[in-house]
Amino acid sequence: MKDGAVQVICGPGRGKTNAAIGQAISAISDHKSVIMIQFLKGSLNTDRMDILKRLEPEMKVFRFEKSAAFFESLTEEEKSEEMMNIRNGLNFAKKVMMTGECELLILDEILGIVDCGIITEKQLIEQLESREGEMSLILTGKVLPAGLESYADHITYLQEVK
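In short, a report on the structure. Everything numeric here is computed off the predicted structure, so don't read it as measured data. Sequence positions are assigned chain by chain, starting from 1 and proceeding in written order. Reporting of local features is limited, given that this is a predicted model, to residues whose pLDDT is at least 70; pairs of side-chain atoms are given and counted only at 80 or more, and all residues count toward the totals for whole chains, interfaces and linings. Each side-chain value is derived from all of the structure's non-hydrogen atoms; neither hydrogens nor water enter the calculation.

The next thing to look at is the overall build of the protein. Secondary structure elements are defined from DSSP: runs of H or I of at least 4 residues count as helices, runs of E of at least 2 residues count as strands, and each element is numbered from the N terminus. Helix and strand content of the protein: five helices and six strands. Note that the radius of gyration is over C-alpha atoms, with the globule rule given as 2.2 Å times the number of residues to the power 0.38. Over its C-alpha atoms the protein spans a radius of gyration of 15 Å, differing by no more than 12% from the 15 Å that the globule rule assigns to 162 residues. Expressed as lengths along the three principal axes of its C-alpha atoms, the size of the protein is roughly 45 × 40 × 35 Å. Looking at the protein as a whole, 46% of its 162 residues are labelled buried. For the exposure calls, accessible area comes from a 1.4 Å probe over protein chains only, and a residue counts as buried if that area is under 20% of its type's maximum, exposed if over 50%, partly exposed in between.

Structure (structure tokens):
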């Protein structure tokens, strides 16, 4: 992926996060710094996170949600609380984009935040436009809003066949 490119990995199939992590490992092998911010996946209390932590300091992974459960399985009250945490994650992402803190920023399930109505497509576009320098971005999620297609240099659509 060339410097400054925006890649979208979307679709109903599994493997979007794994594809993004593969891109991150490629970037790390090219001596680039990577930050991954995950949304809608619950807190950091999983064995998979331990594996990703081994890639530090070249790759840092952040989740701002407090609940261990996935967002869709929460009660309305819990969702409301987690939306504040998600907004903290979005603010952190904006800071990273504005300061150029890394060379590759992965916003895992950012498209899901739009799909869930936590932020609007317009708000996400404004966030993307705040990016400074040649930072590359990877955005993942099931549904790519039509208005975001023009911001992507590459779109990968994953769909399970069998």
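A few words on the sheet that holds strand β1 (residues 6–10). Within a sheet, adjacent strands bond to each other through the backbone by hydrogen bonds, running parallel or antiparallel. Ordered by their spatial adjacency, six strands build an open sheet running β3-β2-β4-β5-β1-β6, and the pairing between neighbours is parallel. Looking along the sheet, the strands with just one partner apiece sit at the ends: β3 (59–63) and β6 (154–157). Across this sheet, the average inter-strand angle for adjacent strands is 15 degrees, counted without regard to direction. Two strands pair when backbone bridges link them, and strand β2 (residues 34–38) and strand β4 (residues 104–108) are joined in this way by five bridges, in the parallel orientation. Paired with valine 34 across the bridge in β4 is leucine 104. Criterion used throughout: strands pair if DSSP finds at least two bridges between them. Interaxial angle, 0 to 180 degrees, is taken between N-to-C directions of lines fitted to C-alpha atoms, where a helix line uses only the stretch in contact.

Moving on, we come to the pattern of salt bridges. Salt bridge, as used here, is a side-chain nitrogen of Lys or Arg placed within 4 Å of a carboxyl oxygen of Asp or Glu. A complete count under the given rule lists three salt bridges for this structure. Note that lysine 41 and aspartate 108 form a salt bridge whose closest N and O atoms lie 3.2 Å from each other. Of this pair, lysine 41 sits in the loop between β2 and α2 (47–53) while aspartate 108 sits in strand β4, and the two are 67 residues apart along the sequence. An identical accessibility class is assigned to lysine 41 and aspartate 108; each is buried. The residue lysine 95 makes a salt bridge to glutamate 101 at a minimum N-O spacing of 2.8 Å. Accessibility expressed as a relative area gives 41% for lysine 95, which makes it partly exposed. For glutamate 101, a relative accessible area of 40% gives the class partly exposed.

So, about the nonpolar core. Phe39, Leu105, Leu107, Ile110 and Ile113 are the most contacted members of the largest nonpolar core, which has 33 residues in total. Contributing elements (two or more residues each) for this core: β1, β2, α3 (76–99), β4, α4 (110–115), α5 (121–129) and β5 (136–141). In terms of residue count, the dominant contributor to this core is α3 (six residues). Other than its neighbours up to four places away in sequence, leucine 107 contacts Ile37, Phe39, Ala93, Met97, Ile138, Leu139 and Thr140. Core analysis: the second largest hydrophobic core is formed by 15 residues, Ala20, Ile21, Val34 and Met49 among them. Here, the term nonpolar core denotes a set of buried Ala, Val, Leu, Ile, Met, Phe, Trp, Tyr and Cys residues that are joined through side-chain atoms within 4.5 Å. Contacts were defined at the residue level, with two residues in contact if any of their heavy atoms lie within 4.5 Å.

As a further point, take the side chain of glutamate 82. Residue position: glutamate 82 is located in helix α3. The charge count treats Lys and Arg as positive and Asp and Glu as negative. His and the chain ends do not count. Here glutamate 82 sits buried without a salt bridge, and the closest side chain of opposite charge, lysine 66, lies 7.2 Å off (N-O distance). Contact partners of glutamate 82, with chain neighbours within four places excluded, come to Glu65, Lys66, Ser67, Phe71 and Leu74.

Note on aromatic contacts: the rings of Phe and Tyr and the six-membered ring of Trp form a pair at centre separations within 6.5 Å, being stacked when their planes are under 30 degrees apart, edge-to-face when over 60 apart, and tilted otherwise. Across all of its chains, the model carries two aromatic pairs by this definition. Members of the aromatic cluster, joined through ring pairs, are Phe62, Phe64 and Phe92.

Once that is clear, we can look at α3. Expected helix span is computed as 1.5 Å times (number of residues minus one). For α3, which comprises 24 residues, the first-to-last C-alpha distance of 35 Å matches the rise-based estimate of 34 Å (1.5 Å per residue) to within 8%. Those residues of α3 that fall on the buried side of the exposure criterion are Lys79, Glu82, Asn85, Ile86, Gly89, Leu90, Phe92, Ala93, Val96 and Met97. One or two positions beyond α3, positive phi appears at glycine 100, with a value near 65 degrees.

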